[in-house]
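Remarks on the overall topology
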There are 2 protein chains.
Amino acid sequence: MKIAVDAMGGDYAPQAIVEGVMLAKKKLTDIEFQLYGDEQAIRQYVTDETNIQIIHTDEKIASDDEPVRAIRRKKNASMVLAAQAVKEGRADAVFSAGNTGALLAAGLFIVGRIKQIERPGLMTTMPVFTGEADAGFDFIDMGANADNKPEHLLQYAILASFYAKNVRHIDTPRVGLLNNGTEETKGSELTKNAFALLSAEKSIHFIGNVEARDLFQGVADVVVTDGFTGNAVLKSVEGTALSLMDLLKSSIMDSGMKGKVGALMLKDSLKQLKNKLDYSSHGGAVLFGLKAPVVKTHGSTGPEAVSHTISQIHTMLSTDVVGKLVTYFDAQSTSSDTK
Amino acid sequence: MKIAVDAMGGDYAPQAIVEGVMLAKKKLTDIEFQLYGDEQAIRQYVTDETNIQIIHTDEKIASDDEPVRAIRRKKNASMVLAAQAVKEGRADAVFSAGNTGALLAAGLFIVGRIKQIERPGLMTTMPVFTGEADAGFDFIDMGANADNKPEHLLQYAILASFYAKNVRHIDTPRVGLLNNGTEETKGSELTKNAFALLSAEKSIHFIGNVEARDLFQGVADVVVTDGFTGNAVLKSVEGTALSLMDLLKSSIMDSGMKGKVGALMLKDSLKQLKNKLDYSSHGGAVLFGLKAPVVKTHGSTGPEAVSHTISQIHTMLSTDVVGKLVTYFDAQSTSSDTK
């Protein structure tokens, strides 16, 4: 099991990335890591060289580089070399905390799509606030695409159902379509057509429309949407949560001694709240629909989250979820060829 | 100044509605209220009959009625009669806390659209968490339409700019386009085309793309989006805020004596937080683009919020914002006719 790591991506690279790899290595002894980037910078954080290979390169993609151009011109960037290793069979998965757009482009143009998947989608497991501590739902497309067709949403439902089943061990994942109402007749042209396709698909367990306000109550195990809406929903959730925490803080600061003492006494509760909100413990975002796992974490993540994401990639590789998807879509394409 | 009130719409009708009217009447003595609904039920909450006229009807639209059918079949429903009064010039505005879809249908089919406005949009003033207490932004379309064209977004920008200027007294309202990134090149086909139209429009102050995560930081005074995305954003904000408050509550309940005492000491801060979140103090949602103000509040609102919304309608009528819009679009249509 070989993971190609872009050691230079993210705000705290290479330190956070390499320290995260070191953490992951302790638990997961069957992974060989290829670290792409500045050898000297990387080496100072390598505390144990077992299963570590450093592939030196001076080039890297910046967070503000124009994605497609960066991938095409910076042939020796750490991210590009990592993707190239997967393409050529020298590695099984790519990990990066770098420029999201560039990673999408590297995934599409270098790693390549699964046959029949037109538009890979970005998927992450979001937390659910009720129920089990590890409850969550797989949300796809978080924003890899600005425009999607109904067929793409069907493909997302199949992809994410495979993920929920194999990686999250949910026997029959409930698939919901994000819509502007729960009734069957609701929706835009896109969601109405997607509803029809999802209803007709036998390989998934479609439960109908779900609304954004109910996502965190665990209404579904998989939620599909187009990338524009997915992006808007994620950013709304993020903006609301941050604004509320800020508001609570400033309201406490303005509240005099009593409020401050109260806040101190509530510290554990507030910390617990913050942990629950931190969805990096579920791992990173998968660019799903490619021939190999291509996984991204936030640019600002620390070693812990990097290690979590590597565990996630480990599960994806050991369950061969992508291989199963390739086989599934191959069979689909053969059966449609012979029709 | 005459407001046609659907006294039977909403969860606590007619009590909350009539009590709200009584509250509003104390401050706004120049409004004549027409209360449509069950006379006997209404009358028990009328504490002062000045400027009050009750128009009895037995029929009303239920919250789960199919909107268009309800409007067409229930000719004597309180909401339908209120809209009819505006159409026939007997009243200047409609207020309802009833079935949103039915009110949209009543607005479209009975009150009628302003010339050149293809798809009226639902608009509300959302709170901003930084800056002045009454800071906010006008968000349109919150979900009156499931599919919008770029031209509709341009019309929303003009409508909401008129509103921000006349009703909220902002000299040069900054108009933002909700998009999946702030860069000019970002977006779906819809938002890219809308961006071009908004940039070319001289009557508004377009400041470019804004992202959902920054809405509550006051990035713009007016934010335009299609109704599908607007609906998803609003429901995400609502869901996140409710889930967070629940989470905080249960985390306090689980935290033992210390946490509970802390929460008690923080009570004022938490209450302040809740007030800030309560955007009904800004008034209701306006179905904007019609020949008269048609305004909706939440079905669950109490007398205070009803009274706030009536103040909002009062400002809309006294500034004649809708009349100004009619004139503006008339001029546009004349100038395009003569081209």
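For the structure, check the block above.
These figures come from a predicted structure and were not determined experimentally. (Residues numbered from 1 in each chain as written. Chains lettered and ligands numbered in written order. Predicted model: local features only at pLDDT ≥ 70, side-chain atom pairs only at ≥ 80, totals over all residues. Heavy atoms only, no water.)

**Details of the overall build of chain A**
So the rule is basically this: Only DSSP runs of H or I with at least four residues qualify as helices, and only runs of E with at least two residues qualify as strands; both kinds are numbered from the N terminus onward. Here the globule rule reads 2.2 Å times residues to the power 0.38, and the radius of gyration is calculated from C-alpha atoms. Note on classification: 1.4 Å probe, protein chains only; a residue is buried when its accessible area is under 20% of the maximum for its type, exposed when over 50%, partly exposed between these limits. Here, residues are in contact when the closest pair of their heavy atoms is within 4.5 Å. Working definition of accessibility: Shrake-Rupley area with a 1.4 Å probe, residue cover restricted to the visible protein chains. In this tally, Asp and Glu contribute negative charge and Lys and Arg positive charge; neither His nor the terminal groups of the chain are included. Each charge is placed at NZ for Lys, CZ for Arg, CG for Asp and CD for Glu.
A tally of regular secondary structure across chain A gives 12 helices and 11 strands. What you see for chain A is a C-alpha radius of gyration of 21 Å, in line with the 20 Å of a compact globule of 339 residues. Oriented by its inertia axes, the alpha-carbon framework of chain A measures out at about 75 × 60 × 35 Å. Counting across all 339 residues of chain A, residues that qualify as buried make up 57%. Sequence-distant contacts in chain A: of pairs separated by 6 or more residues, those separated by 24 or more amount to 70%. Surface exposure of chain A reaches about 14,500 Å², of which carbon and sulfur atoms provide 49%. Taking the 36 positively charged and 41 negatively charged side chains of chain A as two groups, their mean positions are separated by 1 Å.

**Examining the packing of aromatic side chains**
All names here are of chain A. Selection rule: Stacked, tilted and edge-to-face are the three classes assigned to paired rings of Phe, Tyr and Trp, where Trp is represented by its six-membered ring and a pair needs centres within 6.5 Å; plane angles under 30 degrees give stacked, over 60 edge-to-face, the rest tilted.
Inspection of the entire model under this criterion finds 12 aromatic pairs over all chains. Judged by centre distance (5.2 Å) and plane angle (90 degrees), the ring pair of Y328 and F329 falls under edge-to-face. Looking at Y328, the relative accessible area reads 18%, which means it is buried. Assessed through its relative accessible area of 4%, F329 is described here as buried. Pairwise contacts between aromatic rings join F137, F139 and F216 into one cluster.

**Here's the deal with the interface of chain A and chain B**
The criterion, for reference: Reported buried area values correspond to the accessible surface (1.4 Å probe) lost by two parts on association, with both partners' losses combined. Within this document, salt bridges are pairs made up of a side-chain nitrogen of Lys or Arg and a carboxyl oxygen of Asp or Glu, the two lying within 4 Å of each other. Contacts described as polar in this section are N or O atom pairs within 3.5 Å, which, within protein, must combine one atom able to donate a hydrogen with one able to accept it, while residues neighboring in sequence count only if both atoms come from side chains. Put simply, Ala, Val, Leu, Ile, Met, Phe, Trp, Tyr, Cys and Pro go in the nonpolar bin, Asp, Glu, Lys and Arg in the charged bin, and everything else, Gly too, in the polar bin.
Contact with chain A, which involves 49 residues of that partner, is made by 49 residues of chain B. The contact between chain A and chain B buries some 4,400 Å² in all, and 68% of this surface belongs to carbon and sulfur atoms. Taken together, chain A and chain B are joined by four salt bridges. Between R213(A) and E238(B) there is a salt bridge whose closest N-O contact spans 3.1 Å. Inspection of the chain A/chain B interface yields 12 residue pairs in polar contact (both at pLDDT 80 or more). Listed by contribution, the elements that provide at least two residues to the side of chain A that touches chain B are α7 (189-200), α8 (227-253), α9 (256-265) and α10 (267-277) of chain A. With 18 residues, α8(A) is the single largest residue contributor to the side of chain A that touches chain B. Taken together, the residues of the side of chain A that touches chain B sort by class into 21 nonpolar, 19 polar and nine charged.

**Structural notes on the sheet that holds strand β5 (residues 121-127) of chain B**
All names here are of chain B. Our working rule: In this scheme, strands are said to pair when DSSP sees at least two bridges between them. Helix axes are fitted only over the stretch in contact, all axes being lines through C-alpha atoms; the angle between N-to-C directions runs from 0 to 180 degrees.
Judged by pairing direction, the sheet is mixed, and its 11 strands sit side by side in the order β3-β2-β1-β4-β11-β10-β5-β6-β9-β7-β8 without closing on themselves. On the outer flanks of this sheet lie β3 (52-56) and β8 (205-210), each paired with one strand and no other. Averaged over all neighbouring strand pairs, the angle between strand axes comes to 25 degrees, with direction disregarded. In this sheet, strand β10 (residues 285-288) lies alongside β5 in antiparallel orientation, the contact comprising three bridges. What sits directly across from G121, in β10, is F288. On top of the sheet, helix α6 (residues 150-166) reaches β5, β6 (136-140), β7 (174-178), β9 (222-224) and β10; it is set at about 165 degrees to β9, its chief contact. Across the face of the sheet, helix α11 (residues 303-318) comes into contact with β1 (2-6), β2 (32-37), β4 (93-96), β10 and β11 (294-296) while running at roughly 165 degrees to β4.

**Digging into the sheet that holds strand β5 (residues 121-127) of chain A**
Residue and element names in this part refer to chain A. Taken together, 11 strands build an open sheet; the order of strands is β3-β2-β1-β4-β11-β10-β5-β6-β9-β7-β8 and the sheet is mixed. Of all the strands in the sheet, just β3 (52-56) and β8 (205-210) have a single pairing partner and so form its edges. The sheet shows a mean angle of 25 degrees between the axes of neighbouring strands, direction not considered. By the bridge criterion, five bridges tie strand β1 (residues 2-6) to strand β2 (residues 32-37) in an arrangement that is parallel. The partner of D6 across the bridge, within β2, is Y36. The strands that helix α5 (residues 100-111) touches are β4 (93-96), β5, β10 (285-288) and β11 (294-296); relative to β11, the one it contacts most, it runs at about 180 degrees. Across the sheet, helix α11 (residues 303-318) touches β1, β2, β4, β10 and β11, and the angle it forms with β4 is around 165 degrees.

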